[in-house]
Amino acid sequence: MLDTIKFEMYAPLKVPCQCQIPLPSGKFIRLWVDPTKRYLTRVECSLPKLVFGHNGRLIGDQGELDRAMEQLREAVAKVADVPDSGVWVPSRCDLVWQLGGMEAGKVIDVLAGFRFPGIQKPAMHVAGQSVAWRGAKSRFMVSAYDKAKQLRVEGDVLRIEVRLCGKVFRKRLGHRDWRNFADLYAVYREVILSLPTLPKASTEHSMLTALTMCSGPEAAEEVLMMICRNKETIRKYRREIRLAQAKLPSSLVWADIFPAATPPPPVTIEPAKRIPTFHYLGNYRAGFRGF
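Residues numbered from 1 in each chain as written. Predicted model: local features only at pLDDT ≥ 70, side-chain atom pairs only at ≥ 80, totals over all residues. Heavy atoms only, no water.

Q: Help me out: how do you make sense of the overall build of the chain in this one?
A: Along its length, the chain carries eleven helices and nine strands. Considering the chain as a whole, with its 291 residues, one finds that 47% of them fall into the buried category. Looking at the chain alone, contacts between residues at least 24 apart form 65% of all its contacts between residues at least 6 apart. As displayed, the chain has an accessible area near 16,100 Å², and 54% of this comes from carbon and sulfur atoms. (Helix = DSSP H or I, 4+ residues; strand = E, 2+ residues; numbered from the N terminus. Buried < 20%, exposed > 50% of the residue type's maximum accessible area, 1.4 Å probe, protein only. Contact = heavy atoms within 4.5 Å. Areas by Shrake-Rupley, 256 points an atom, 1.4 Å probe, with all protein chains shown as cover.)

Shown next as structure tokens:
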């Protein structure tokens, strides 16, 4: 559930500190110090990368959340006299979940035709890959993207992220405890339920949609922009065109996908394994000797 989290603190440094703590996975914990370079002031870390070495796997329950926070405290305690993690003050919290078998690219393209409640700016959209709504000077952001494409591996994994920072995070959290997995899920679900229900494919379309769809969705939207001037009308037909193109087999109702009691089973996707550089060098040298 928790991915990147950032804390504000004021802890005396034990040793001269760089801007990061390296991890065995090749990732790192980001650090900030005060101008005197005597105190640690902020810490930022992706908890799945800390625990699992990558964020294709989620922090999926209370036990994993507790373990991740303990590992983070132990790592930071090597460079500073930090208090118990229970009194750390979060200033940023990225809540995430992953869903499999959703035809991620299609869902993303359909969602891009909608506005997110409370965010004035339209969605930032990369066709078939990602959609994001950014509001409150980036203190609040909701994004959905194809995690398999991001990791450049085979698969169909829709990842939906909610970023909450500063006072937006405190307001959304309310009286709940950020260290409690169930409370974090409740906050996440409240945001996700603001996404629109996506109806399944329909054979009934307006005359405009039917005519413009003959040339494909991209050309259809270009035609739409030329013949319509009203922004709300454009958004209406754009949603209809994208729904018609997606041909979703069934309606997506977020309240059903994310039950109130517990989240759906977590979906894990492994990043592609990289071949070490020395492997290529070995092949090169072998070929050179052969020549």
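Alright, that's what it looks like, and here's the rest.
Q: Would you explain the nonpolar core in this entry?
A: Considering soluble globular proteins, one finds that nonpolar side chains tend to be buried as a cluster. If you look at the biggest cluster of nonpolar residues, it comprises 76 residues, and the most contacted ones within it are Ile29, Leu40, Leu47, Leu72, Leu158, Tyr188 and Trp254. In contact with Leu47, not counting residues within four places along its chain, are Leu2, Asp3, Ile5, Ile59, Leu65, Ala68, Met69 and Leu72. (Core = buried A, V, L, I, M, F, W, Y, C linked by side-chain atoms within 4.5 Å.)

Q: So what exactly am I meant to see when it comes to the pattern of salt bridges here?
A: Pairing between side chains of opposite charge can happen when their charged atoms approach one another. The tally for this structure, following the rule as stated, stands at twelve salt bridges. Across the pair Asp81 and Lys14 runs a salt bridge, and its minimum N-O distance is 3.9 Å. Note that Asp81 is positioned in the loop between helix H2 (62–77) and strand E5 (89–100) and Lys14 in the loop between strand E1 (2–12) and strand E2 (20–22), a separation of 67 residues in sequence. Assessed through its relative accessible area of 47%, Lys14 is described here as partly exposed. Residue Glu44 is joined to Arg30 by a salt bridge in which the shortest nitrogen-to-oxygen separation is 3.6 Å. Of the two residues, Glu44 sits in strand E4 (residues 39–46) while Arg30 sits in strand E3 (residues 28–33), which places them 14 residues apart along the sequence. Judged by relative accessible area, Glu44 falls into the buried class, the value being 12%. Residue Arg30 is classed as partly exposed on the basis of its relative accessible area, which comes to 37%. When salt bridges that share partners are traced, they join Arg30, Glu44, Arg92, Asp94 and Arg163 into one network. (Salt bridge = Lys/Arg side-chain N within 4 Å of Asp/Glu carboxyl O.)

Q: Sorry if this is basic, but what is going on with the layout of surface pockets here?
A: Rolled over the atoms, a probe as big as a water molecule pinpoints where empty space is left. Reported here for the second largest pocket is a volume of approximately 420 Å³. Forming the boundary of the second largest pocket are 26 residues, of which Asp3, Thr4, Lys49, Asn55 and Arg92 lie nearest the centre. Considering only residue class, the lining of the second largest pocket consists of eight nonpolar, seven polar and eleven charged. (1 Å grid on protein atoms, 1.4 Å probe; cavity = no way out; pocket = protein on both sides within 12 Å on 5 of 7 lines; lining within 4 Å. Points joined across faces, edges and corners; volume = space filled by probe spheres on them. Nonpolar A, V, L, I, M, F, W, Y, C, P; charged D, E, K, R; others polar.)

Q: Looking at this structure, I do not really get the packing of aromatic side chains. What am I missing?
A: To describe a pair of aromatic rings, one takes the distance between the centres and the angle between the planes. One pass over the structure, following the stated rule, counts seven aromatic pairs. Between Phe7 and Trp88, the ring centres sit 5.0 Å apart and the planes meet at 75 degrees, which makes this aromatic pair edge-to-face. With a gap of 81 residues between them, Phe7 in strand E1 and Trp88 in the loop between H2 and E5 connect regions that are remote in the sequence. In this structure Phe7 comes out as buried when scored by relative accessible area, which is 0%. Trp88 gets classed as buried once you look at its relative accessible area, which sits at 3%. (Phe/Tyr/Trp six-rings, centres within 6.5 Å; stacked < 30°, edge-to-face > 60°.)

Q: Could you clarify how one ought to interpret helix H5 (residues 166–173) in this entry?
A: The periodicity of an α-helix, 3.6 residues per turn, causes residues three or four positions apart to be oriented the same way. What H5 keeps buried is the set Gly166, Val168, Phe169 and Leu173. Looking straight down H5, one finds its buried side chains confined to an arc of 165 degrees; they lie on one side. For H5, the exposed residues lying more than 90 degrees away from the buried face are Lys167 and Lys171. The elements touched by buried residues of H5 are E5, strand E8 (140–146), strand E9 (157–165) and helix H6 (181–192). Once H5 ends, the next one or two residues include Gly174, with phi positive near 60 degrees. (Arc of directions from axis to C-beta.)

Q: Would you mind going over the sheet that holds strand E7 (residues 130–135) with me for this structure?
A: Sheets are built from strands that pair by backbone hydrogen bonding, the pairs being arranged parallel or antiparallel. As summarised here, the arrangement of the nine strands in space is E2-E3-E4-E1-E5-E9-E8-E7-E6, forming an open sheet in which the pairing is antiparallel. Looking at the sheet topology across the chains shown, the edges are occupied by E2 and strand E6 (124–126). Averaged over all pairs of adjacent strands, the angle between strand axes in this sheet comes to 15 degrees, irrespective of strand direction. Bridge count for E5 against E9 is nine bridges, and the pairing is antiparallel. Across the sheet, the residue bridging to Gln98 is Arg159, located in E9. Taken strand by strand, helix H3 (residues 104–111) contacts E6, E7, E8 and E9, and its axis lies near 145 degrees from that of E8. (Pairing = 2+ DSSP bridges. Axes fitted to C-alpha atoms, helices over the stretch in contact; angles between N-to-C directions.)

Q: When you look at unusual backbone geometry in this model, what are you seeing that I'm missing?
A: Negative phi is the rule for most residues except glycine; trans is the rule for most peptide bonds. In the Ramachandran plot, Glu103 falls in the positive-phi region, its phi being about 55 degrees despite a non-glycine side chain. On the secondary structure map, Glu103 appears in the loop between E5 and H3. Of note, Arg152 is a non-glycine position whose phi angle comes to about 60 degrees, a positive value. Summarising the element assignment, Arg152 is placed in the loop between helix H4 (147–151) and E9.

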